[in-house]
Amino acid sequence: MFTMMQGEDVESWMANHRVGVTGFPDSAPLNQLLVYGIQDSNPSATDIFDQQEVACFDELEESLLQEVSGLRSDGDRQSFFSSKPSRLDILPSPWPMRFEKIQRGNSQSAGSTDSCLAKTIGPKLESEPLVSRYTSSEQSTDQQQHKVMANNASMAGEATNHQPRHQSKRSIADSDTRKDGKLLDAKTFRRLAQNREAAKKSRLRKKAYVQQLESSRVRLQQLELDLQRARSQGISFGGCDAVKGISSGASTFDMEHARWLDENNKHLSDLRAGLQAHLLERNLGLIVDRCILHYDKLFGLKAVAAKADVFHLLTGMWSSPVERRFMWIGGFRPSELLQIIMPHMDPLREHQLMAICNLQQSSQQAEEALSQGLEQLHQSLAEMVATGFIGEGSNVGNYMGNMAMALDKLENVESFVLQADRMRQETLHQMRRILTIRQAARFFLTIGEYYSCLRALSSLWASRPQESFINNTVSELQDIHQLQQHQLSSF
Amino acid sequence: MQYESAPEYWYVRQSRADPLERVERLASESAVVVFSLSTCCMCHAVKRLFCGMGVHPTVYELDEDPRGRDMERALARLVGAAGPPPLPVVFIGGKLVGAMDMVMASHINGTLVPLLKEAGALWL
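Calculation rules
- Within each chain, residue numbers correspond to sequence positions counted from 1 in written order.
- Labels are handed out in written order, letters beginning with A for the chains and numbers beginning with 1 for the ligands.
- Per-residue local features of the predicted model are confined to residues with pLDDT of at least 70, and side-chain atom pairs are confined, for both listing and counting, to 80 or more; whole-chain, interface and lining totals are unaffected and use all residues.
- By convention in this description, side-chain values take in all heavy atoms of the structure and omit both hydrogens and water.
- Per the convention used, a helix needs a DSSP run of H or I reaching at least four residues, while a strand needs a run of E reaching at least two, with both numbered from the N terminus.
- Relative accessibility under 20% of the residue-type maximum defines a buried residue, over 50% an exposed one, and the middle range a partly exposed one, all with a 1.4 Å probe and only protein chains included.
- Per-residue accessibility takes into account occlusion by the displayed protein chains alone, with areas from the Shrake-Rupley method and a 1.4 Å probe.
- In what follows, a contact means two residues having at least one pair of non-hydrogen atoms within 4.5 Å.
- Two strands make a pair as long as DSSP finds a minimum of two bridges between them.
- Axes here refer to lines fitted to C-alpha atoms; in helices the fit is confined to the stretch in contact. Angles between the N-to-C directions go from 0 to 180 degrees.
- Accessible surface is computed with a 1.4 Å probe, and the buried area is the amount of it that two parts give up when combined, taken over both parts together.
- Only one rule defines a salt bridge in this text: a Lys or Arg side-chain nitrogen within 4 Å of an Asp or Glu carboxyl oxygen.
- What counts as a ring pair is set by centres within 6.5 Å for rings of Phe, Tyr and Trp (its six-membered ring), and what kind of pair is set by the plane angle: stacked under 30 degrees, edge-to-face over 60, tilted for all other angles.
- Note on criteria: charge over ring means Lys NZ or Arg CZ within 6 Å of the ring centre, with the direction from the centre no more than 35 degrees off the ring normal.
- Each angle is binned into one of four classes, with values under 35 degrees roughly parallel, values over 145 roughly antiparallel, values of 65 to 115 roughly perpendicular, and all other values oblique.
- Residue polarity follows a fixed list, in which Ala, Val, Leu, Ile, Met, Phe, Trp, Tyr, Cys and Pro are nonpolar, Asp, Glu, Lys and Arg are charged, and the others, Gly among them, are polar.
- What we call a nonpolar core is a set of buried Ala, Val, Leu, Ile, Met, Phe, Trp, Tyr and Cys residues that are connected through their side-chain atoms within 4.5 Å.
- When the strands point away from the viewer, a crossover counts as right-handed if the path from the first strand over the helix to the second runs clockwise.
- Residues qualify for a patch when their relative accessible area is over 30% and they have no salt bridge, like charges being joined within 9 Å and the nonpolar side chains of Val, Leu, Ile, Met, Phe, Trp and Tyr within 5 Å.

**Student:** Give me the lowdown on the overall build of chain B, citing residues and values where you can.
**Tutor:** Assigned secondary structure in chain B consists of six helices and five strands. Element order for chain B, N to C, with α for helix and β for strand: β-α-α-β-α-β-α-β-β-α-α. Buried residues in chain B amount to 48% of all 124 residues. Carbon and sulfur atoms provide 53% of the accessible area of chain B, an area that totals close to 6,200 Å².

**Student:** Tell me about the overall build of chain A, and please be specific about residues and values.
**Tutor:** The number of helices and strands found in chain A is 14 helices and two strands. Burial status across chain A gives 40% buried among its 491 residues. Contacts in chain A between residues at least 24 apart in sequence constitute 81% of all its contacts with a sequence separation of at least 6. When the accessible surface of chain A is split by element, carbon and sulfur atoms take 55% of a total near 27,100 Å².

**Student:** Just give me the short version of the sheet that holds strand β3 (residues 58–61) of chain B, but keep the residues and values in it.
**Tutor:** Residues and elements named next belong to chain B. Taken in spatial order, the five strands line up as β1-β3-β2-β4-β5 in an open sheet, and their pairing is mixed. What marks the edges here is a single partner per strand, and that holds for β1 (2–3) and β5 (95–98). Here strand β2 (residues 32–36) runs beside strand β4 (residues 89–92); their pairing, made up of four bridges, is antiparallel. By the bridge assignment, V34 is partnered in β4 with V90. Together, β2, β3 and β4 form the strand contacts of helix α2 (residues 19–29), whose direction differs from that of β2 by roughly 140°.

**Student:** Give me the lowdown on the pairing of β5 of chain B, citing residues and values where you can.
**Tutor:** All names here are of chain B. The sheet contact formed by β4 and β5 spans three bridges and is antiparallel. The residue bridging V90 from the neighbouring strand is G98, located in β5. Taking the residues between adjacent antiparallel strands as the criterion, β4 and β5 are bridged by two residues, where G93 takes a positive phi near 60°.

**Student:** Run through the interface of chain B and chain A, naming residues and quoting values.
**Tutor:** With 17 residues of chain B at the contact, the number on the chain A side is 22 residues. Across the chain B to chain A interface the summed buried area is about 1,600 Å²; carbon plus sulfur atoms make up 67%. When the area that chain B buries against chain A is broken down by residue, the three leading residues are C41, M104 and I108 of chain B, summing to 38%. Here chain B and chain A share one salt bridge between them. A salt bridge links R422 of chain A to D101 of chain B, with the shortest nitrogen-to-oxygen separation between them at 3.6 Å.

**Student:** If you had to explain the pattern of salt bridges to someone new, which residues and values would you point to?
**Tutor:** Residues and elements named next belong to chain A. The full count for this structure, using the stated rule, is 15 salt bridges over all chains. The closest approach of N and O atoms between E449 and R272, which form a salt bridge, is 2.8 Å. A residue pair is termed long-range when its members are at least 10 positions apart, and E449 in helix α13 (residues 437–462) and R272 in helix α7 (residues 248–276) qualify at 177 residues. Take E449: its relative accessible area is 9%, and that puts it in the buried class. Notably, a salt bridge pairs D421 with R424, separated by 3.0 Å at the nearest N-O pair. Here D421 and its partner R424 are both found in helix α12 (residues 396–434), three residues apart, which amounts to about one turn of the helix. Comparing D421 with R424 shows no difference in burial state: the two are buried. Taken together, the shared-partner salt bridges connect K302, D421 and R424 into one network.

**Student:** I'd like a rundown of the packing of aromatic side chains, residues and numbers included.
**Tutor:** Per the stated rule, a full pass over the model turns up seven aromatic pairs over all chains. Ring plane angle 75° and centroid distance 5.3 Å describe the contact between F443 of chain A and F444 of chain A, whose orientation is recorded as edge-to-face. Under the relative-accessibility criterion, F443 of chain A is labelled buried at 1%. Where F35 of chain B meets Y60 of chain B, the ring centres are 5.5 Å apart and the plane angle is 20°; that geometry is what we call stacked. You can see F35 of chain B sitting in strand β2 and its partner Y60 of chain B sitting in strand β3, a full 25 residues away along the chain. We classify Y60 of chain B as buried; its relative accessible area is 5%. Here a set of aromatic residues connected by ring pairs shows up, and it is made of W260, Y295, F443 and F444 of chain A. Above the ring of F332 of chain A, the side-chain terminus of R424 of chain A is found at 5.9 Å from the ring centroid.

**Student:** If you had to explain the packing of α2 of chain B against helix α4 (residues 68–79) of chain B to someone new, which residues and values would you point to?
**Tutor:** All names here are of chain B. It is the contact of α2 with α4, at a shortest axis distance of 8 Å, that shows an interaxial angle of 80°. As far as their axial angle goes, α4 and α2 are roughly perpendicular. Contact residues: α2 offers P19, L20, R22, V23, E24 and L26, while α4 offers D70, M71, A74, L75, R77 and L78. A per-class count over the contact of α2 with α4 returns eight nonpolar, no polar and four charged.

**Student:** Which residues make up the environment of E61 of chain B, and what values do they have?
**Tutor:** With respect to the helices and strands, E61 of chain B occurs in strand β3. The spatial distance from the C-alpha of E61 of chain B to the C-alpha of L37 of chain B is 5.0 Å, given a sequence separation of 24 residues.

**Student:** Pulling in residues and values, what's your account of the nonpolar core?
**Tutor:** Residues L271, L370, F443 and F444 of chain A together with F35, F50 and L116 of chain B are the most contacted members of the largest nonpolar core, which totals 93 residues. The greatest single-element share of this core, amounting to twelve residues, is contributed by helix α8 (residues 281–315) of chain A. Those residues within four positions of F50 of chain B in sequence are excluded, and the remaining contacts are V32, V34, V55, P57, V90, L112 and L116 of chain B.

**Student:** An account of the pairing of β3 of chain B is needed here, citing residue identities and associated values.
**Tutor:** Residues and elements named next belong to chain B. Both faces of β3 are covered, namely the face carrying T58 and Y60 and the face carrying V59 and E61. Examined bridge by bridge, β1 and β3 share two bridges and lie parallel to one another. Along β3, the bridge assignment pairs Q2 with T58. One crossover worth recording links β2 to the parallel β3 by way of helix α3 (residues 41–53), and it is right-handed.

**Student:** Before we move on, can you summarise a nonpolar patch on the surface with the specific residues and values?
**Tutor:** All names here are of chain A. Judged by side-chain polarity, Y209, V210 and L213 come together as a nonpolar surface patch covering roughly 280 Å² of accessible area. Topologically, Y209 is positioned in helix α5 (residues 186–237). Y209 sits in the partly exposed class, given a relative accessible area of 49%.

**Student:** Any details on the side chain of H107 of chain B? Residues and values, ideally.
**Tutor:** Structurally, the position occupied by H107 of chain B is in helix α5 (residues 100–108). For H107 of chain B, a relative accessible area of 2% corresponds to the buried category. H107 of chain B has contacts with S362, Q365 and A366 of chain A together with L49, M53, L112 and V113 of chain B, leaving out every residue within four places of it along the chain.

Here it is, written out as structure tokens:
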């Protein structure tokens, strides 16, 4: 038990009262919590402090924000803490109004179980059990752990002042919501409808989240396999590239690309949900615009990567093996993409068909031009290097001169990759202009799912066991087939 | 496509001409004008693009022109580039289209073909 006089300085109190922690049983109903956080000045403790997570219970925090009064220290259950309070992480008010407690139980402390994480404000809280468990170990002064202090004074008088969200939900449930229609008034009926809507939305969200998780899992597997392969390849080749390892620009781009893919999955599920929910055109349009902006971001990332390490972009090691097969100058071939997606885009008006036809033709012409330009670059580069050391042999000056020219030539590779990316970006924007909002949503969704399938195919291919290849492949292909059917039918 | 170099007898008269003026004069003489460098691969790409569309541009290789350097600088100012001029630079119907990225972008968004038709470089 501890008592603290109003107005007493916390530090002096701390100095006077050094006691151990007593644990709380989990199931004890806690009407009120007061949590102190003590931050040790010991560097190792600070490290632990930094590593530990802070979980905020939003409901509690909101409700706590409504509390104003000071602390009454007549709690039934109180725990104490002991440590070296060399620095208190609390406001220098007579009574601490806001405390942050961060603790994670770990194997260090003897007998500690799980973490107890809470962020509370003020002592007078009327909230449901939000902080579950505390470490029950006696914390010795050596251990640089953070202690929890909870003041569990009952605050019956403050009940009305403070409404946690779940309480308000319960109050709705208690009120007259008989669904037989007799006691339903307009307000209640509307509330019920809103609840239904909310429930439906949360079901959709959950579904989208699960899908996102699954795709992330597949991608993770594929990434791990790629990593394994890259490592083994690096060892087997043993060339100068492998010795130097992957360049920093390349690894940065790989990381950014992975992050981009994750976000892209979110946009895809938004698109999916938006199409299924038959949103207003305006709202669906917002989602589509976000999707396009996200693609623009990718091209920005690729531009940076092209300046840093253009050959990494060209090799395509940042994407999956099957995607790599279809790669053209560091990315997708626009005319090819249009060809693949268009059959799934019916119905289209005639003027749209014409515009898309023209787009396909111009893409092909532009691709041809860039390919030929790149071809000429290769030829002149090869000539330069060859004449440099074959023709003149021992003439070092000429050799160096040719090498310098070749270096200049190589800079052009970057501009070709940039042009190809700009072409891709412009193609996507042009499709957005040609299609209606709904069609554009389907277009981007189809693109995203097509590439997800390619990536899934890559990871399946990589993980196939050689002996039972046929059996497994058949069953996996059936799964993919089902997935495709399901996805196509959802259009 | 035709490769042109400005006729010699103009040289004395035009020796004090502003390179910018020269550029604009050359650009307005043909339907499609490309200022390029013979060694540049991107210039090769733009030439192939026009040939692929059935257009015959007039090409000025600035590295073979005695006043090429000045014209390059003038072009850089026109295009708005700081530093080395981004050749190739394309003019259609006397109007500046821009460097390779502008040409590609206008081709993809469908504005290049109407421009060519208007200038009389392309017939359907």
